[in-house]
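Residue-level structure breakdown
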Amino acid sequence: MKKKIFYLFCSLSLMSQAQRENIVSFRDNLVLTSVLNTKSEGFEFTNSLDQTMEYSTAPITGVGLGVDYKWFTFEYSKRLKSASDDGLYGHTENFGIGFGFTMPKWYFRNFLEQYSGYHLTNPDFIRFGYLDSAGMYPYRPDITTVRYYASFNWVFNSDNYSSMASLWQLERQEKSAGSFILGATFGRSVLFGDSTFVPFPQRENFPDIQDINAMTASTFTVNTGYQYTFVLSNSKKWFLHLGINPGLGLGYGSAYENVNDNFIEYPTRLAFSNEGRFIVGYNGDKWYFGYTAINYLTVDASSNANPLSNFNNYNRLYLGYRFTLPRKVSESLEIIGL
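Heads up: these notes are all about the structure in this document. This structure is a prediction, so every number in the text was calculated from the model and none was measured.

Our focus in this paragraph is the overall build of the chain. For the chain, the count of helices and strands is 4 helices and 15 strands. Burial statistics for the chain: of 338 residues in total, 46% are counted as buried. Partitioning the intrachain contacts of the chain with sequence separation of at least 6 by distance along the chain shows that 71% fall at a separation of at least 24. Counting only carbon and sulfur atoms, one obtains 63% of the accessible surface of the chain, whose full area is about 17,400 Å².

In C-alpha cells, the structure reads:
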C-alpha cells in the first residue's frame, strides 16, 4: 500500500512538471534586487457638464533593495530628494506600506498609502494663463489622502502561464502564453483638507461639492481580465507582459461640509475598478532587469451620486541577481519554514 501511494505521488509530481514544462523556477535561489521607483496618486471630481477637476501629488522617487526566497518577498525603498518638490508641483509627503503573495494559481496584493500635499492639474480652472503667470501649479499643502487597496485573483491557465515570471521574476516563462483571471477588489479612500476642494471660481460649476472639504469612498468589485506574456527572443529570456483586469461592483461614501457643519451620506452606487500592467525586461539564469508600470483605478460609474475617482501609478526600474545558497544555509532556513 505504501509503495502504491509513493508511486502515485511520483506520478502526480511528474505530471505537474510536465504541465509546467515551459516554466523555469528560481524559487530555491536567494534573489537580491536593486530598485528605482516612482509613484503618485490622484483624485478627481466630475460634474454634470462632464467637466473634470483633478488633484495629483508630485512624483515620489525612491531607491531600494528587494530580497526574495521561496515564499518570502520583501522590498524597502527610501525617497530621494527631488528638485521639483518645492517647484512646479509643490511638496508631497508620503508614507506607504504593502505586501502580497504570488502563487502559480493565485495572487494577492494590498497596500496602504498616505499622501499630503496636492496640486490642481488644470490650473486654468482658477484663472486662464495661471501657470504662465504663477510659474507653478495651484498647490494645496493642506490636502491629505489615505487609501487602502486589496485584490485577490485566480489564474486559470497556470500550467502554461506564470504570473510570478512577470511580476517578481521568481520564475521564467519560456513560451508565449496568457490566462484569464477572475477575482475581487476592495478599495477605501479618505481625503480631507482645511477648506473646500473646489476653487472659488468653480463653485457654480460644481454645486454638489462646492462646500465639501472631507470625503470617504469605499468600493467592492468583481473583476475579470486577461494577462499575456510575449517571449521575444530565441534565448527565451526577453519578454513583454500586458495585463488588464476591469471590474464592476458597488460603492458607497460620505462627505463633510465644514462651512455648514453638515454630514452627507451618499447612496450605494455602481463602481468600476481596473488594474493595468505593462512590464518589459530580461529574465536570465542569474541576472535579470526591466521596467514595470502598474496602474490602479477606482471610478464612480454613477452620474448622479458621489462623483469621485481615485488612481495610483507605480513605475519601477529593477536590476537583480540570483544566488545559489550553500547547502548548509538552505538546510538551516528549512528549519524556520523557508
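Below, the discussion takes up the nonpolar core. Membership of the largest hydrophobic core comes to 21 residues, with the highest contact counts inside it found for F43, F45, M53, Y55, F197, I209 and M215. Residues within four places of Y55 in sequence aside, it is in contact with E41, G42, F43, Y118, H119, L120, T121, R140, I143, F197 and P199. Ranked by size, the runner-up nonpolar core spans 10 residues in total, among them V31, F111, Y288 and I294.

Turning our attention to the pattern of salt bridges. Under the counting rule described, the total for this entry stands at 7 salt bridges. The shortest N-O distance in the salt bridge between R140 and D142 comes to 2.8 Å. Exposure remark for R140: the relative accessible area of 14% places this residue in the buried category. In this structure D142 comes out as buried when scored by relative accessible area, which is 19%. In this structure, R172 engages E174 in a salt bridge whose closest nitrogen and oxygen atoms are separated by 3.0 Å. Counted as one network, the salt bridges with shared partners bring together R172, E174, K237 and D285.

Turning next to the side chain of N283. Examined against the element boundaries, N283 turns out to sit in strand β13 (residues 262–283). What makes N283 buried here is its relative accessible area of 2%. A polar atom in the side chain of N283 sits 2.5 Å from the side chain of R322. With sequence-adjacent residues up to four places away left out, N283 is seen in contact with F26, A165, Q169, E171, R172, K237, F239, Y288 and R322.

Right, let's talk about unusual backbone geometry for a bit. For K236, which is not glycine, the phi dihedral falls at a positive 65°. The residue K236 is located in the loop between β11 (212–231) and β12 (238–257) in this model. The partly exposed category is assigned to K236, whose relative accessible area is 38%. In this structure, D261 takes a positive phi of about 50° despite not being glycine.

Analysis parameters
- Residues numbered from 1 in each chain as written.
- Predicted model: local features only at pLDDT ≥ 70, side-chain atom pairs only at ≥ 80, totals over all residues.
- Heavy atoms only, no water.
- Helix = DSSP H or I, 4+ residues; strand = E, 2+ residues; numbered from the N terminus.
- Buried < 20%, exposed > 50% of the residue type's maximum accessible area, 1.4 Å probe, protein only.
- Contact = heavy atoms within 4.5 Å.
- Areas by Shrake-Rupley, 256 points an atom, 1.4 Å probe, with all protein chains shown as cover.
- Core = buried A, V, L, I, M, F, W, Y, C linked by side-chain atoms within 4.5 Å.
- Salt bridge = Lys/Arg side-chain N within 4 Å of Asp/Glu carboxyl O.
- Polar contact = N/O pair within 3.5 Å; in protein donor to acceptor, adjacent residues only side chain to side chain.

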